[in-house]
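# Results of the structural survey
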Amino acid sequence: QVQLVESGGGLVQAGDSLRLSCAASGRTFSSYAMGWFRQAPGKEREFVAAISWSGGRTSYGNSVKGRFTISRDNAKNTVYLQMNSLKPEDTAVYYCAADQLYSAYVRSYKYWGQGTQVTVSS
């Protein structure tokens, strides 16, 4: 069982940066791949980024490549999402997720946080 708690969301202006954190409970955090997803009102949940259990493999959604960076600190049981050059279209609720399999698909992740709101004004 893994419990996830996101933090770091807020209201920013276009072009600003924001770093999201996701703190995980449990002693087996380092064995889980982690993902970030987002969901805007009226839209499906969208893949943002994923990182393997070791941090050695990462992947990104096309809309965030070159602007967002996912990282993890297994000693702190935390995964991060550094978001730079934010755009209004990045506005969404951001969720972190965990699963033993590395994936970019929503349905692949077993554990989910409650989400944190990110709003980017123009």
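For the structure, check the block above.
Numbers given to residues run from 1 along each chain, matching the order in which its sequence is written. Selection of residues for local features in this predicted model requires a pLDDT of at least 70, selection of side-chain atom pairs for listing and counting requires 80 or more, and totals for whole chains, interfaces and linings are taken over all residues. For side-chain calculations, the full set of non-hydrogen atoms in the structure is used, while hydrogens and water are omitted.

### Some remarks on the sheet that holds strand β1 (residues 4-7)
Using the following cut-off: Between any two strands, at least two bridges found by DSSP are needed for them to pair. Going along the chain from the N terminus, every DSSP run of H or I of four or more residues is numbered as a helix, and every run of E of two or more is numbered as a strand. The convention used is that axes are lines fitted to C-alpha atoms, helices contributing only their stretch in contact, and that angles between N-to-C directions extend from 0 to 180 degrees.
Strands sit in the order β1-β3-β8-β7 across an open sheet of 4 strands; the sheet is antiparallel. Looking at which strands have only one partner, the edges of the open sheet turn out to be β1 and β7 (68-73). On average, each strand axis in the sheet is tilted by 15 degrees relative to the strand beside it, whichever way the strands run. Across 6 bridges, β7 lies against strand β8 (residues 78-83) in antiparallel orientation. What sits directly across from S71, in β8, is Y80.

### Observations concerning unusual backbone geometry
This is how it is decided: Throughout this description, buried means an accessible area under 20% of the type-specific maximum (1.4 Å probe, protein chains only), exposed means over 50%, and partly exposed covers the range between.
For N77, which is not a glycine, the phi torsion comes out positive at approximately 55 degrees. Considering the arrangement of structural elements, one finds N77 in the loop between β7 and β8. Residues other than glycine seldom take positive phi values, yet S85 does so here, at roughly 50 degrees. One can find S85 in the loop between β8 and β9 (92-99). The class of S85 is partly exposed, set by a relative accessible area of 41%.

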